[in-house]
Amino acid sequence: MGPFPFPPLMHDGADDIRLFFLGLSFVTGIGYFFMRSVENGLPRTLVKTACVSALAVYTAFSLPEGLSGPLYYAGILLVVGLVFSAAGDFFLANDRDNQFVLGLGSFLIGHVCYIACFACFVTAESIGMPTKIAGGLFILLFAAGEFSWFRPGLGKMLVPVAAYVTVIAVMGAMSIMAPFVGGWVVVGAILFMLSDSLIAAEKFKEPLPYIAPYIGQMIWATYVLAQYLIAFGVLRELAILAG
């Protein structure tokens, strides 16, 4: 693993804006961690949604200048993926069944954006490496095995959840196929899968022993860290390739 991909200051006159939104993301992310036990309502929804929304604004202001071709589209796709993730947070904030599909759909679109973003970095050399092929196949097989575990409890949600699991598994595999420096984007993708696995276990399986009282905090912590690692990791990759 390389050093943590925390983006440096760009000294272009917009650092204050970037730091404001990054700070807002950190504060609301930590705040929501401690609001998991608070009754559902507008404040809880706004705090949850603000975390990744602010990260999306920070990322948009942090894209390197002079991007062109696939790198330009990778930056746009990263921001759009974060925006749809924030929309998913909004829909899932109140734990209402009628909004679960909307949240699932928002995250599915976000993952499609991440897949396309990661694909912009894939090279003929990286996609042919045996270790990357093995890693991608492992992610896909793990997702298939996990789906078979909670499939009996899905009921009418079988098709939407199957589509979502397929997409997030491809997202995880694509993060491995791309030659990202340091591997932090891969860690972020795997943490995203872990977070969603915990959500599925909480919603479709019996309460898990020992971790049930803390599963909400575990879901949020792994999810937020995943978003930061993906955003920071792709931003660093774009900065390196943009020269």
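The structure we're discussing is the one just above.
Bear in mind the structure is a predicted one, so any value in this text is a computation, not a measurement.

1. Re the nonpolar core
1) Next: Core analysis: the biggest nonpolar cluster contains 62 residues, and F118, F121, V161, F192 and V234 have the highest contact counts within it.
2) Next: Among the secondary structure elements, those contributing two or more residues to this core are helix 1 (15-33), helix 2 (42-62), helix 3 (69-92), helix 4 (97-119), helix 6 (130-150), helix 7 (158-177), helix 8 (184-204) and helix 9 (215-242).
3) Next: In terms of residue count, helix 9 provides more of this core than any other element does, 12 residues in total.
4) Next: Discounting residues that sit within four places of it in the chain, V234 has contacts with L78, C117, F118, F121, F180 and V185.

2. Section: helix 8
1) Next: With 21 residues, helix 8 should reach 30 Å at 1.5 Å per residue; the first-to-last C-alpha distance of 30 Å fits that figure.
2) Next: Of all 21 residues that make up helix 8, 15 are buried, and the element is covered over most of its length.

3. Notes on the packing of aromatic side chains
1) Next: One pass over the full model with this rule turns up 21 aromatic pairs.
2) Next: The interplanar angle of 80° and the centroid separation of 6.2 Å between the aromatic rings of F100 and F204 together place this pair among those described as edge-to-face. Taken together, the positions of F100 in helix 4 and F204 in helix 8 put the pair 104 residues apart, joining distant regions of the chain.
3) Next: Overall, F100 belongs to the buried group, its relative accessible area being 11%.
4) Next: Taking relative accessible area as the criterion, F204 reaches 14% and is therefore assigned buried.
5) Next: When the ring of F138 is compared with that of F142, the centres are 6.4 Å apart and the planes differ by 25°; the resulting orientation is stacked. Residue F138 and its partner F142 are both found in helix 6; the two are separated by four residues, about one turn of the helix.

Conventions and cut-offs
- Residues numbered from 1 in each chain as written.
- Predicted model: local features only at pLDDT ≥ 70, side-chain atom pairs only at ≥ 80, totals over all residues.
- Heavy atoms only, no water.
- Core = buried A, V, L, I, M, F, W, Y, C linked by side-chain atoms within 4.5 Å.
- Buried < 20%, exposed > 50% of the residue type's maximum accessible area, 1.4 Å probe, protein only.
- Helix = DSSP H or I, 4+ residues; strand = E, 2+ residues; numbered from the N terminus.
- Contact = heavy atoms within 4.5 Å.
- Expected span 1.5 Å × (residues − 1).
- Phe/Tyr/Trp six-rings, centres within 6.5 Å; stacked < 30°, edge-to-face > 60°.

The analysis is restricted to geometry; functional conclusions fall outside its scope.
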